[in-house]
Amino acid sequence: MCPAAESARAVAAPIPLLAPVIRVSVIKERYRDRKATGSSGSGLYNLQPLSAAKHSIPEARWPSEEEAGQSRVFSAGRLGEVQTSARTWVPAMVPWRCTEEGFVTPEVLDWYGRLADGRPGVLVVEATGIRDVPSGPLMRAGHDRFIPGLTELVELVKLRSGGETRLIIQLIDFLTIRRRPEEEQWIRRFLKIEARHHEAARALGHELDDDDALRELLLGLDHEVLLSLLNEREREDLQMGYRERVNDLQLPHIQELPTVLPGLFADAAARAESAGFDGIELHYAHAYTMASFLSSKNDRDDGYGGSREARARLPLEVFQAVRERVSSSLAVGCRFLGDEVIERGGRIEDACYYGVAFAEAGMDFLSVSKGGKFEDAKQPKVGAAAYPYTGESGHECMPTVRIEGDAPFGRNLSLPHAIRSAVREAGHETPVVAAGGLNDFEIMEDALKNGSCDFVAAARQSLADPDWWAKLRAGRGGEVKRCLYTNYCEALDQRHLQVTCQLWDRELGAESSGELRSPDGKRRLSAPQWKR
């Protein structure tokens, strides 16, 4: 959901729900060949395949109502000055239900209303754009005209949750990404001819001083020969589609990001506070602008890249601007990566450093994710845009039952555990949020007890059964509809279709004719109601 310059439909989703489905029949080897783009680090096909074996969803032991009431999962928590009724958390998921202009719709209200029905301690609203620019059906907070819709959303969640759920909005910035072009289109329209291209042509025996003549020559070359005449960035632009980086200091608007972004985030946060949100989650994770500043691949030479300290500078300045703009009663934290899972990317040591720096700066919570990067994304088809959840980093972000190695259930808990330990050793009590296949009570309770985290987050399981938190608390865990972890939902997200769950449609029939449905009428847009 990071919009391209031409069209918001030409982009990869900013925070897709989960890693997209890649059929096992398509990828059967442990590692696909890496087809070079001029550098082993670019990794056009740097995919870790899904396993031919399938992990089983483990049997769950559900708590009684009394046990749930005495558990850490359902104990009160705190995010700065914000008190939570439980340590249960629904992370940001983008359902593709806003208008093309970014306004809240009845379908958006239904989505969050159903999630609020389960009364989680915290519900994070989808990645919301901070700029007043076209972004497709992605929620926006870049102008005051969006405040009424956001206010209606806040009021609905309070009503449906009985006031028990704290509502946090995730704020995001993203850079331009374009569709993969046709080769002829790219050569004629987008390739900037330079002296080195003429030199390469002369080395092949062609003396062409005219740029148009050179373009015609390039159009007639074998594809592999053409690639040999291009530099690394040009090869990637051709084979993946153009994508801006925070390192592109030759572009004035990229150079100015440290000057512009703090104010944009602060303005959006102020609008969110006026709409009644309980908190702000700064999106510093995955493939987007702020995560790219934190990335070890950020080598800006203007004081905002290179060392860990310099890479953390803008994220800290953004936080400070937001913190100064909103009241102390509003919780402000961030979601960031415990591991980038890309070649030469940041690892847990970097994340621990950032976690301590964020805690020292006064953040109210640290939500930990993993992977989800463009650098190892699968090559898109011509006319489509790269999607940052198709490579190994994407699979690790939201692991499925087909993931290689360990099962997906609690697979990533070592990351928040290490970050929390570093934060505690530095003398801070900042709460840490864990996520990734947390699909039953015992996994979550153990994670809270052993110091892995302070809050437990579940996106896919909450999508599959929005009432599952309420069922657990009531001692009725046997009624939980358990996520299959096939990432059916993410496959829809990748195509920018309204996100739904395959479990919902098992009850799709005449008796559900009053439910909201997808435009083709074949999918529910809302989870079936819990028949208590």
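Q: What's the story with the overall build of the chain in this structure? I'm lost.
A: Counting secondary structure elements, the chain contains 20 helices and ten strands. The buried share among the 532 residues of the chain stands at 61%. Sequence separation of at least 24 residues holds for 72% of the intrachain contacts in the chain that already meet a minimum separation of 6.

Q: When you look at the sheet that holds strand β3 (residues 88–90) in this model, what are you seeing that I'm missing?
A: Taken in spatial order, the eight strands of this closed barrel run β3-β4-β5-β6-β7-β8-β9-β10, and their pairing is parallel. Averaged over all neighbouring strand pairs, the angle between strand axes comes to 30°, with direction disregarded. In the sheet, β3 pairs with strand β10 (residues 455–457) via two bridges, with the strands oriented parallel. Considered in β10, the bridge of T88 is made with V456. Contacting β7 (331–337), β8 (366–369) and β9 (432–434), helix α16 (residues 414–425) runs over the sheet at an angle of about 145° to β8.

Q: Before we go on, may I ask you to explain the confidence of the model for the chain in this structure?
A: A low pLDDT means the predicted coordinates there should not be read in detail. Across the chain, the average pLDDT comes to 89, with 89% of residues at or above 70. Across residues 1–48, where pLDDT falls below 50, the model places 181 contacts with residues more than four positions away in sequence or in other chains.

Q: For this particular structure, what's the right way to read the pattern of salt bridges?
A: Once their charged atoms are close, side chains differing in charge can pair, the charge on each being opposite to the other. This model, assessed by the stated rule, comprises 36 salt bridges. Measuring nitrogen to oxygen at the nearest pair gives 2.8 Å for the salt bridge that ties R245 to E236. The class for E236 is buried, based on a relative accessible area of 9%. Residues E445 and K449 are paired through a salt bridge, measuring 3.8 Å at the closest nitrogen-oxygen approach. One end of the pair is E445 and the other is K449, both in helix α17 (residues 441–449) and four residues apart, which spans about a single turn. Taking the relative accessible area as the measure of exposure, E445 reaches 6% and is therefore buried. On the basis of relative accessibility, which here comes to 59%, the residue K449 falls in the exposed class. The network of salt bridges with common partners includes R114, D117, R160 and D467.

Thresholds applied
- Residues numbered from 1 in each chain as written.
- Predicted model: local features only at pLDDT ≥ 70, side-chain atom pairs only at ≥ 80, totals over all residues.
- Heavy atoms only, no water.
- Helix = DSSP H or I, 4+ residues; strand = E, 2+ residues; numbered from the N terminus.
- Buried < 20%, exposed > 50% of the residue type's maximum accessible area, 1.4 Å probe, protein only.
- Contact = heavy atoms within 4.5 Å.
- Pairing = 2+ DSSP bridges.
- Axes fitted to C-alpha atoms, helices over the stretch in contact; angles between N-to-C directions.
- pLDDT = per-residue confidence, 0-100.
- Salt bridge = Lys/Arg side-chain N within 4 Å of Asp/Glu carboxyl O.

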